[in-house]
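Chain by chain, the residues:
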Amino acid sequence: MLDLKFIRDNLDAVRSNCERRRISIDFDRFLKLEEARKQAIYEVEDIRKQQNEIAQAMKAKLSPDERTTFINKGKELKTVEAEGTAKLTALESELEAICRAIPNM
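Every value quoted in this text rests on a predicted model; they were computed, and no experiment measured them.

Secondary structure summary: the chain contains 4 helices and 0 strands in total. Starting at the N terminus and ending at the C terminus, the chain contains elements arranged as α-α-α-α. Expected size for 105 residues packed as a compact globule is a radius of gyration near 13 Å; at 20 Å, the chain overshoots this value by more than 25%. Residue pairs at least 24 apart in sequence account for 74% of intrachain contacts in the chain once pairs closer than 6 positions are excluded.

Glancing now at unusual backbone geometry. Of note in this structure, R22 is not a glycine but carries a positive phi near 60°. Topologically, R22 is positioned in the loop between helix 2 (11-20) and helix 3 (27-58).

Any segment with low pLDDT has predicted coordinates that should not be analysed in fine detail. Scored by pLDDT, the chain comes out at a mean of 94, with 100% of its residues at no less than 70. Mean pLDDT in the chain bottoms out at helix 1 (residues 4-9), which sits at 93, and peaks at helix 3, which reaches 95.

Among the structural elements, L33 can be located in helix 3. Taking the C-alpha atoms as reference points, L33 and A55, 22 residues apart in sequence, are found 33 Å from one another.

Moving on: the state of the cysteines. According to the stated counting rule, one finds 0 disulfides in the structure shown. Here C99 stays unpaired: no disulfide links it, and the sulfur of C18, its closest cysteine neighbor, is 10 Å away. Look at C99 and you get buried, because its relative accessible area is 2%.

Glancing now at the pattern of salt bridges. Going through the model one piece at a time under the given rule, you end up with 9 salt bridges. Put simply, K5 and D9 hold a salt bridge, and the shortest N to O gap is 2.8 Å. Taken together, the positions of K5 and D9, both in helix 1 and 4 residues apart, correspond to about one turn of that helix. We classify D9 as partly exposed; its relative accessible area is 48%. The partner of E34 in a salt bridge is R8, with the nearest N and O atoms 2.6 Å apart. One end of the pair, E34, is in helix 3; the other, R8, is in helix 1, with 26 residues separating them in the sequence. E34 gets classed as buried once you look at its relative accessible area, which sits at 3%. Take R8: its relative accessible area is 29%, and that puts it in the partly exposed class.

Here we come to helix 4 (residues 64-101). Side chains three or four residues apart in an α-helix point the same way, a direct result of the helix having 3.6 residues per turn. The terminal C-alpha atoms of helix 4, which comprises 38 residues, lie 55 Å apart, in line with the 56 Å expected from a rise of 1.5 Å per residue. Where helix 4 is concerned, the buried positions are L77, E81, G84, L88, L91, L95, I98 and C99. In this fold, the buried residues of helix 4 make contact with helix 1 and helix 3.

About the thresholds
- Residues numbered from 1 in each chain as written.
- Predicted model: local features only at pLDDT ≥ 70, side-chain atom pairs only at ≥ 80, totals over all residues.
- Heavy atoms only, no water.
- Helix = DSSP H or I, 4+ residues; strand = E, 2+ residues; numbered from the N terminus.
- Rg over C-alpha atoms; globule rule 2.2 N^0.38 Å.
- Contact = heavy atoms within 4.5 Å.
- pLDDT = per-residue confidence, 0-100.
- Disulfide = S-S within 2.5 Å.
- Buried < 20%, exposed > 50% of the residue type's maximum accessible area, 1.4 Å probe, protein only.
- Salt bridge = Lys/Arg side-chain N within 4 Å of Asp/Glu carboxyl O.
- Expected span 1.5 Å × (residues − 1).

Here it is, written out as structure tokens:
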């Protein structure tokens, strides 16, 4: 299986290789999925960064109200992270299926 970066960087060569072998690949879909995957990774990493910031803030002495606020925000972020991770997994799965269909050079 070809590397995602290699496919992106050498799209014309990979496309002509597929045409020569008479293999039909939707490279537009590949590029859209790759871009969506990058965005999903960014979003999930941003959520994890926020979770780490909350965890650091929880180590300080806080009033019960502040503590409750941080706990609720942490629970909300955990739910959003789970959704983002599920979305990322689905994107990666579909992208991998396309990559597996692309023949080696």
